[in-house]
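So the chains spell out like this:
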Amino acid sequence: MTTLALFDLDHTLIPFDSGMAWTRHLVALGALDACAEQRHLDFCHQYVAGTLDIRAMHRALLAPLAGVAPARLESWRESFARSMLERLPAATRTLVDDHRARGDLCAIVTATQRLVAEPFARAFGIEHLVASEAAMHDGCPSGETAGLPCYREHKVTQVEAWLARIGAPPLAAIERSWFYSDSIGDIALLRRVTHPVAVNPDARLREQCRKAGWPVLEPAS
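In this report, we go over the structure that sits alongside the text. (Residues numbered from 1 in each chain as written. Predicted model: local features only at pLDDT ≥ 70, side-chain atom pairs only at ≥ 80, totals over all residues. Heavy atoms only, no water.)

## As for the overall build of the protein
Counting its secondary structure elements, the protein contains nine helices and seven strands. For the protein, whose C-alpha radius of gyration is 17 Å, the value lies close to the compact-globule estimate of 17 Å for 221 residues. A buried classification covers 50% of the 221 residues belonging to the protein. Across the protein, every contact between residues at least 6 apart in sequence was considered, and the portion connecting residues at least 24 apart equals 57%. Accessible area for the protein stands at about 10500 Å²; split by element, carbon and sulfur atoms hold 52% of it. On the protein, the mean spot of the 23 positive side-chain charges and the mean spot of the 26 negative ones are 2 Å from each other. (Helix = DSSP H or I, 4+ residues; strand = E, 2+ residues; numbered from the N terminus. Rg over C-alpha atoms; globule rule 2.2 N^0.38 Å. Buried < 20%, exposed > 50% of the residue type's maximum accessible area, 1.4 Å probe, protein only. Contact = heavy atoms within 4.5 Å. Areas by Shrake-Rupley, 256 points an atom, 1.4 Å probe, with all protein chains shown as cover. Lys, Arg positive; Asp, Glu negative; His and termini not counted. Charge placed at Lys NZ, Arg CZ, Asp CG, Glu CD.)

## Topic: helix α1 (residues 18-29)
Counted at 1.5 Å a residue, the expected span for α1 with its twelve residues is 16 Å, and the 17 Å between its end C-alpha atoms agrees. Where α1 is concerned, the buried positions are Ser-18, Gly-19, Met-20, Ala-21, Trp-22, Thr-23, His-25 and Leu-26. Summarising the contacts, the buried residues of α1 are in contact with α2 (36-49), α3 (54-62), α4 (70-84), β2 (105-113) and α6 (114-124). A distance of 2.9 Å separates the backbone nitrogen of Gly-19 from a side-chain oxygen at the start of α1, and that oxygen is part of Asp-17. (Expected span 1.5 Å × (residues − 1). Polar contact = N/O pair within 3.5 Å; in protein donor to acceptor, adjacent residues only side chain to side chain.)

## Here's the deal with the pairing of strand β6 (residues 195-199)
Counted residue by residue, β6 has four buried out of five residues, so it is predominantly covered. Sheet topology places strand β5 (residues 176-181) next to β6; four bridges connect them, and they run parallel. Across the sheet, Tyr-180 pairs through a bridge with Val-197, a residue of β6. By the bridge criterion, two bridges tie β6 to strand β7 (residues 216-217) in an arrangement that is parallel. Across the sheet, Ala-198 pairs through a bridge with Val-216, a residue of β7. Regarding topology, helix α9 (residues 203-212) serves as the crossover connection from β6 to the parallel β7, and that connection is right-handed. (Pairing = 2+ DSSP bridges. Right-handed = clockwise from strand over helix to strand, strands pointing away.)

## Concerning the pairing of β2
Counting buried residues along β2, nine of its nine residues qualify, which places the element largely inside the surrounding structure. Across the two faces of β2 the burial is the same, with Leu-105, Ala-107, Val-109, Ala-111 and Gln-113 and Cys-106, Ile-108, Thr-110 and Thr-112 all buried. The pairing of strand β1 (residues 3-7) with β2 spans four bridges and is parallel. Among the inter-strand pairings, Leu-4 is bridged to a residue of β2, identified as Leu-105. As defined by bridge partners, β2 adjoins strand β3 (residues 128-137) across four bridges and the pair is classed as parallel. Pairing of Val-109 across the sheet is with Val-130, part of β3.

Take a look at the structure:
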């Protein structure tokens, strides 16, 4: 019997925005100008307001990487991964470890681009990552997103496609499934699992939890 545990990344497994962390890392390396942080923050404000164009956000994140030698990009990712290790909360590491110990099929499901999210998946010991994918050209990100971004209702589509690829049953056929998220933007996937769980939820998701009787976790950072 397949049991499934899905985890959002930003403000769920980690108490910060991974895209901003990556942006600050590149600014510190001199790979981006200092205004990059404010540009990313503007996108974050659009997300909260419900007006975000996720492809435009990803384009701003990926475009500066076009033409960067793959070896240099990988070295940036490795140093980023090392710098993030101490920022992983003990509470969510334990949560993931408990699901893995029970034998649940675990995956991070995030709108974040894979090249940024992958170090976090490795750090949490989560084998599977369902994320937005960068279009590549000559081994480098082209600046565009390939296919559907793993965002809002598209998370359901992407999870179903991933389950099919690995030979697992579809969501509707899985007897026990969990999805942990902080955002009302993930409501479509939360409604498709048997055990939706909010983690430090935004106001709208908190109200949904109150109405539906969904559990709320507020782990320490």
